[in-house]
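Observations on chain architecture
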Amino acid sequence: MLKEFKDFIAKGNVMDMAVGIIIGAAFTAIVKSLVDDLINPFIGLFMGGIDFANKYIVLSGDVMAGTPLADARESGAAIFAYGSFIMAIINFLIIAFVVFMLVRYVNKVKAATETPVEAAPEAPAGPSELDVLLEIRDSLAKK
């Protein structure tokens, strides 16, 4: 069983997946900063100063108006944090777009490096069925 486990871990796909997960986690931190620090201020500017990250509705409990989302959550109140959800959607769309562009670029590079498969030379065409039948007819006619 230990040998099978070693074989499983040593496969290239497992290692590629592990590297992908690590890079994905680091990339998520970059995208979170991009959204929180660069995109949200512009969205807030165009939406009249609205900060989506702290937009929520109190479903039950006592939370004073204007309380930051983190403090509202700590108070134990039931919070419907739609602003966080909107930010998660924006994060997802940015990550999906960047991954799409990366895959598109990799596919172009692969296509450029692949050598076109040369057409195999056609085998010399043998006589057609009609040619064979005519040859048989001619050889029978000579006898």
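In what follows, the accompanying structure is described. Once a new chain begins, its residue numbering starts again from 1 and follows that chain's sequence as written. Under the rules for a predicted model, residues below a pLDDT of 70 receive no local features and side-chain atom pairs below 80 are neither given nor counted, while totals for whole chains, interfaces and linings still include all residues. To get the side-chain values, take all heavy atoms of the structure and skip hydrogens and water.

Among buried residues, those of type Ala, Val, Leu, Ile, Met, Phe, Trp, Tyr and Cys that are joined through side-chain atoms within 4.5 Å constitute a nonpolar core. Three labels apply to residues, based on accessible area from a 1.4 Å probe with only protein chains included: buried if under 20% of the type maximum, exposed if over 50%, partly exposed otherwise in between. Val31, Val35, Phe52, Met87, Ile90 and Ile94 together form the largest nonpolar core, which totals six residues. The helix count covers DSSP runs of H or I at least four residues long, the strand count covers runs of E at least two residues long, and both are numbered beginning at the N terminus. Secondary structure elements with two or more residues in this core: α2 (12-46) and α4 (82-113). A per-element tally of this core places α4 first, with three residues. Apart from residues lying up to four places away in sequence, Val35 is in contact with Asn40, Pro41, Met87, Ile90, Asn91 and Ile94. Two residues form a contact once any of their heavy atoms are found within 4.5 Å.

Relative to the helices and strands, Ala78 resides in strand β2 (residues 78-80). Taking the C-alpha atoms as reference points, Ala78 and Lys32, 46 residues apart in sequence, are found 25 Å from one another. The contacts of Ala78, once residues within four sequence positions are left out, are Ile57, Val58, Leu59 and Ser60.

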